[in-house]
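Reading the structure
Letter by letter, the chains look like this.
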Amino acid sequence: MSDAIAPTGTGFVFGVSGAEYAQLAARAAQTLRAVAPDANIDIYTDAEVPDRIFDQVHKLEMSWFRPKFEALRRARFERVVYLDADMYFLADISDIFEVLEEFDFAACHNQRRNSDWSNTLWRRPLPAAFPQINGGLMGMRKSPETLALIEETERALQEEKLDKDQPVLRELLFLSKLRLAILPPEYNFVEFRMAESMNENHAAPRVLHHWRLRWHITHGTQQIHNIPGYMGPGLYEHIKRLVANDRNLGAPKVAKIKPYADTGVLGGLRFSLERSRRKRWKRKGSSD
C-alpha cells in the first residue's frame, strides 16, 4: 500500500532490511550528501539509522530481501531514484530527475550481460537487444502505471518465491507501454577496472556500485571501510581526475589524462602492484 500523502518534488530513497545493511546505506548516503548537499534523501528500513544523515526515516511494512520496491512504492516524491546500499557517490546525479520529466522509468543496463544471472528468464524468452537493467539504481516517475509495475514485481517475487527481481522487471518493462530511459553506465559504474583505461575523452563515473562493499554481510569477509582503500589510491586519484575534467560536471577546461593502465614502466608497475593488492583483498578481506 502506498503512503497516503500525494507525492511531490524529487528525492532519493534507500530500502534496506537489517542493521548491517542500514549501516551500509547510511555510509552511502553520506557520500551522496557530500556531492548533493541539497538533495532529499530518505530511507525505508527496519533498523536504527542516524537521523542527521537522512531527511526522513520510514519504518518498513515488511522486512525481506527486496525492500527496494516498498521504498519506490511508498516514496513521498513524484520523481524518485532508488539506490542500493553498496554504493559510493563521486558526483551529483540529480539530472536523472530531469530525465524523469519526460520518461517513466530510468536505469542502466546490467553490465555483465553474459552471466548466468543476466540470462535468467521469468516466463518467456526475450530478445538480447532488451537486456536486464541493474536494479541497484532505478528512477521512476510516479503514476498508476509505474506503481502497477512495482506492485506486480513485488507480487511475483513473494508469491512465486523468486530470488531475483531483474528477470521480472525485464519482462514487465518489455511488455509495458512505459517510456524507459537507459542511463549511461557512469551513473551505475559496476566494473571500476574499466576506469583504468579511461582518459579525458571518457565520461567520468558518477556512482561506484560494488558488491564487495557488502561482502562482509553476505560472505563473512572483513568489511571494506572505504572504496579508495580497496581499489588503491592511484586508481582512485585517476577517477577523481576524470570527474574533475568531465565537461558535463561543469569542468571549465579539460586537461590531458593518461589512462591509468599505461604501459610505461612506472605506470605499469603501479598498475600491477595495485591489482595484486586487490587480489589479496579478494582472498582475505581488508579494512584499509
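Residues numbered from 1 in each chain as written. Predicted model: local features only at pLDDT ≥ 70, side-chain atom pairs only at ≥ 80, totals over all residues. Heavy atoms only, no water.

Quick notes on the sheet that holds strand β3 (residues 56–59)
- Here we have seven strands laid out as an open sheet, ordered β3-β2-β1-β4-β7-β6-β8, and mixed in their pairing. The open sheet has two edge strands with one neighbour each: β3 and β8 (180–182). Sheet twist, expressed as the average angle between the axes of neighbouring strands with direction ignored, equals 25°.
- Sheet strands in contact with helix α1 (residues 19–35) are β1 (10–16), β2 (41–45) and β4 (79–83), and its direction is about 155° off that of β1.
- Strands β6 (105–109) and β7 (133–141) of the sheet are contacted by helix α4 (residues 144–159), whose axis makes an angle of about 150° with β7. (Pairing = 2+ DSSP bridges. Helix = DSSP H or I, 4+ residues; strand = E, 2+ residues; numbered from the N terminus. Axes fitted to C-alpha atoms, helices over the stretch in contact; angles between N-to-C directions. Contact = heavy atoms within 4.5 Å.)

Things to note about the packing of aromatic side chains
- Under the defined criterion, the tally for this structure stands at five aromatic pairs.
- When the ring of F130 is compared with that of F174, the centres are 5.2 Å apart and the planes differ by 65°; the resulting orientation is edge-to-face. Here F130, found in the loop between β6 and β7, pairs with F174, found in helix α5 (residues 166–175); they are 44 residues apart in sequence, far enough to count as distant.
- For F130, a relative accessible area of 22% corresponds to the partly exposed category. (Phe/Tyr/Trp six-rings, centres within 6.5 Å; stacked < 30°, edge-to-face > 60°. Buried < 20%, exposed > 50% of the residue type's maximum accessible area, 1.4 Å probe, protein only.)

Re the pattern of salt bridges
- Counting across every chain of the model gives 20 salt bridges.
- A salt bridge links E70 to R74; the shortest N-O distance between them is 2.7 Å. Here R74 and E70 lie together in helix α2 (residues 68–74), a separation of four residues that amounts to about one turn.
- The class for E70 is buried, based on a relative accessible area of 1%.
- Notably, a salt bridge pairs E159 with R155, separated by 2.7 Å at the nearest N-O pair. Linking E159 with R155, this pair stays in helix α4, spanning four residues, or about one helical turn.
- Take R155: its relative accessible area is 28%, and that puts it in the partly exposed class.
- Residues participating in the shared-partner salt-bridge network are E61, E70, R73, R74 and E154. (Salt bridge = Lys/Arg side-chain N within 4 Å of Asp/Glu carboxyl O.)

Notes on the side chain of N188
- Note that N188 resides in the loop between β8 and β9 (207–209).
- Ignoring any residue separated from it by four or fewer positions in sequence, one finds N188 in contact with M87, C108, Q111, N134, G136, L137, V207 and H209.

Some remarks on unusual backbone geometry
- Even without being a glycine, K161 presents a positive backbone phi close to 55°.
- Relative to the helices and strands, K161 resides in the loop between α4 and α5.

Looking at the nonpolar core
- One finds F12, F14, F54, L83, I93, I96 and L137 to be the most contacted residues of the largest nonpolar core, which totals 34 residues.
- For this core, the secondary structure elements donating two or more residues are β1, α1, β2, β4, β5 (87–89), α3 (96–99) and β6.
- Among the elements that take part in this core, α1 stands out by supplying seven residues, more than any other.
- Counting residues in each nonpolar core, the second largest holds 27 residues, with M138, M140, L149 and L173 among its members. (Core = buried A, V, L, I, M, F, W, Y, C linked by side-chain atoms within 4.5 Å.)

Take it as geometry only, folks, not as evidence of what the structure does.
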